[in-house]
Amino acid sequence: MEKRTLPVREHYRLVAEFDPQQESLMVWPQRPDNWRDGGKPAQKAYAALANLIAEKQPVTVFVQEDQYQNARVKLNPTVRIVEMSSNDAWIKDYGPFYIRNEHSLRAVDFNFNAWGGLIDGLYFPWDKDNEMAIKIANLFRTDYYRNSVVLEGCAIHTDGQGTFFATTDVVLASDRNPQMTKVKMERILHDYLGALKVIWLDHGYFLDETGGDIDNIMNVVRPGEVVLTWTDNPTDPTYESCRQAERILQAATDAQGRKIKVHRLVMPRVLTLTSKEAATVDCFNGSMPRDVGQRLTATYVSYVTTNQQIIVPEFDDPQDTVAKKQLACLYPGREVVGFPVREILIGGGGLHTIVTAIPSVGG
């Protein structure tokens, strides 16, 4: 049921990803103008990820009607499958934002326009994706709020205690919200998600198709502690942006007045799209073209946090082992598991973008 009051008046606040979860949610990939070979390699990857998460906690996968039997064969019996229409499979960006107070869990539905609408959007149409947050809230009988501002789930991070992180490149982008300012957006984040302080980075990952969502440049480990994508290669365009981000983070205090501890997380080598991969993506319907040699958004900070696991992107790179060791030290209570993400990168996103979670009600 839609609620008409402001969430902040009932002390609701966006839940952090490292807080206890009830269930993980995913959407089955299939569109041939985004996924190569009609989505079959991506479906194999999504199924493997869903099955991996389902070993530790419940998982629901949403599928189109014509993909139900295909998904049922590939997914373990413990994974629940629900038919629900969507345009593509990036549920973290268009799914519900979950907020919680001392008594209950609710959701917030913001608008989604495929990372830029008719100006810079990556596909058209996106109407079914834009309906998903409310459909999911209704499915799980979660009361929800609505706001007409365009905001993607991967565009913000929070520590669960009122500190938010975002990039101006995305959250203030004119292709999302014309005439948006920091003051206006901070008020919206405060009123609907409980933000007490927003720490703004200028840029995200170099050539990120989303325009620079925060989740490919940094992640939040716990209150007062973050990991930041890092390279020591001065010829990489990310070299300056990660240093600028570090300066901003280290100079800031969070909503509780703490200094922020920044951990540099290594990057893999630069990955690019091969001619074979580009040739097997059908480009039509206004979708983002896949060009030979284009840089893929390869970063370890785009990991998935569950109750018992940190699922880390793997790129068949020696740095995979280094990144997993770093994250194992930062998450001593969780098992760090590597997961190959090449097929997800080809689709234009990262591991973090394809999974969202329903938090536990009691925290």
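This text goes with the structure placed above it.
Small disclaimer: the values here were computed from a predicted structure and weren't measured. (Residues numbered from 1 in each chain as written. Predicted model: local features only at pLDDT ≥ 70, side-chain atom pairs only at ≥ 80, totals over all residues. Heavy atoms only, no water.)

1. Section: the overall build of the chain
Phase 1: Assigned secondary structure in the chain consists of eleven helices and 17 strands.
Phase 2: Over its C-alpha trace the chain gives a radius of gyration of 19 Å, about what one expects of a compact globule, namely 21 Å for 363 residues.
Phase 3: Seen through its principal axes, the chain has C-alpha atoms that stretch 50 × 50 × 45 Å.
Phase 4: Per-residue burial over the chain gives 61% buried out of 363 residues.
Phase 5: Split by element, the accessible area of the chain, about 14,400 Å² in all, is 50% carbon and sulfur. (Helix = DSSP H or I, 4+ residues; strand = E, 2+ residues; numbered from the N terminus. Rg over C-alpha atoms; globule rule 2.2 N^0.38 Å. Buried < 20%, exposed > 50% of the residue type's maximum accessible area, 1.4 Å probe, protein only. Areas by Shrake-Rupley, 256 points an atom, 1.4 Å probe, with all protein chains shown as cover.)

2. What about the side chain of Gln64?
Phase 1: One can find Gln64 in the loop between strand S3 (59-63) and helix H2 (68-74).
Phase 2: If we ignore the near neighbours within four places in the chain, the residues touching Gln64 are Gln30, Met84, Ser85 and Ser86. (Contact = heavy atoms within 4.5 Å.)

3. So, the layout of surface pockets
Phase 1: In this structure, the largest pocket encloses a volume near 170 Å³.
Phase 2: Lining the largest pocket, in full, are His11, Arg13, Leu14, Val15, Asp19, Arg100, Asn101, Glu102, His103 and Gly160.
Phase 3: Across the lining of the largest pocket, the residue classes tally to two nonpolar, four polar and four charged. (1 Å grid on protein atoms, 1.4 Å probe; cavity = no way out; pocket = protein on both sides within 12 Å on 5 of 7 lines; lining within 4 Å. Points joined across faces, edges and corners; volume = space filled by probe spheres on them. Nonpolar A, V, L, I, M, F, W, Y, C, P; charged D, E, K, R; others polar.)

4. Some details on the pattern of salt bridges
Phase 1: Taken as a whole, this structure holds 21 salt bridges when the rule is applied.
Phase 2: Notably, a salt bridge pairs Asp236 with Arg295, separated by 2.9 Å at the nearest N-O pair. Pair noted here: Asp236 is in the loop between strand S12 (225-230) and helix H8 (238-251) and Arg295 is in the loop between helix H9 (275-279) and strand S14 (304-305), with a separation of 59 residues, a long-range link. Like Asp236, the residue Arg295 is buried in the burial classification.
Phase 3: In this structure, Glu246 engages Arg264 in a salt bridge whose closest nitrogen and oxygen atoms are separated by 2.9 Å. Placement of Glu246 in helix H8 and of Arg264 in strand S13 (residues 261-266) is noted, with a sequence separation of 18 residues between them.
Phase 4: Residue classification places Arg264 among the partly exposed positions, given a relative accessible area of 43%. (Salt bridge = Lys/Arg side-chain N within 4 Å of Asp/Glu carboxyl O.)

5. Here we look at the environment of Val221
Phase 1: Structurally, Val221 can be placed in strand S11 (residues 218-222).
Phase 2: Residue Val221 is classed as buried on the basis of its relative accessible area of 2%.
Phase 3: In this structure, the C-alpha to C-alpha distance between Val221 and Thr305, residues 84 residues apart in sequence, is 9.6 Å.

6. As for the packing of aromatic side chains
Phase 1: Inspection of every chain in the model, using the stated rule, returns eleven aromatic pairs.
Phase 2: Between Tyr94 and Phe112 the ring centres are 5.6 Å apart and the planes differ by 70 degrees, which places this aromatic pair in the edge-to-face class. Remark: Phe112 occurs in the loop between strand S6 (105-111) and helix H4 (117-120) and Tyr94 occurs in helix H3 (residues 91-94); sequence separation between them is 18 residues.
Phase 3: Owing to a relative accessible area of 2%, Tyr94 belongs among the buried residues under this scheme.
Phase 4: Ring centres 5.5 Å apart and planes at 85 degrees place the aromatic pair Phe124 and Trp126 in the edge-to-face group.
Phase 5: On the basis of relative accessibility, which here comes to 42%, the residue Phe124 falls in the partly exposed class.
Phase 6: Residue Trp126 is classed as buried on the basis of its relative accessible area of 16%.
Phase 7: What links up through ring pairs into an aromatic cluster is the set Tyr94, Phe112, Trp115 and Tyr123.
Phase 8: Note that Arg243 overlies the ring of Tyr239, its terminal NZ or CZ placed 3.6 Å from the centroid. (Phe/Tyr/Trp six-rings, centres within 6.5 Å; stacked < 30°, edge-to-face > 60°. Lys NZ or Arg CZ within 6 Å of the ring centre and 35° of its normal.)

7. Overview of the sheet that holds S12
One key point about sheets: their strands pair by backbone hydrogen bonds, in either a parallel or an antiparallel sense.
Phase 1: If you trace the three strands from one edge of the open sheet to the other, you get S11-S12-S13, paired in mixed fashion. With partners counted over all chains shown, the strands left at the sheet margins are S11 and S13, one partner each. Looking at each pair of strands side by side, their axes are set apart by 30 degrees on average, direction ignored.
Phase 2: Where S11 and S12 come together, four bridges link them in antiparallel fashion. Within S12, the position partnered with Val220 by the bridge is Val226.
Phase 3: Sheet strands touched by H8: S11, S12 and S13. Its angle to S12, the strand with the most contacts, is close to 165 degrees.
Phase 4: With respect to the sheet, helix H10 (residues 319-330) is in contact with S11, S12 and S13, its orientation differing from that of S13 by roughly 155 degrees. (Pairing = 2+ DSSP bridges. Axes fitted to C-alpha atoms, helices over the stretch in contact; angles between N-to-C directions.)

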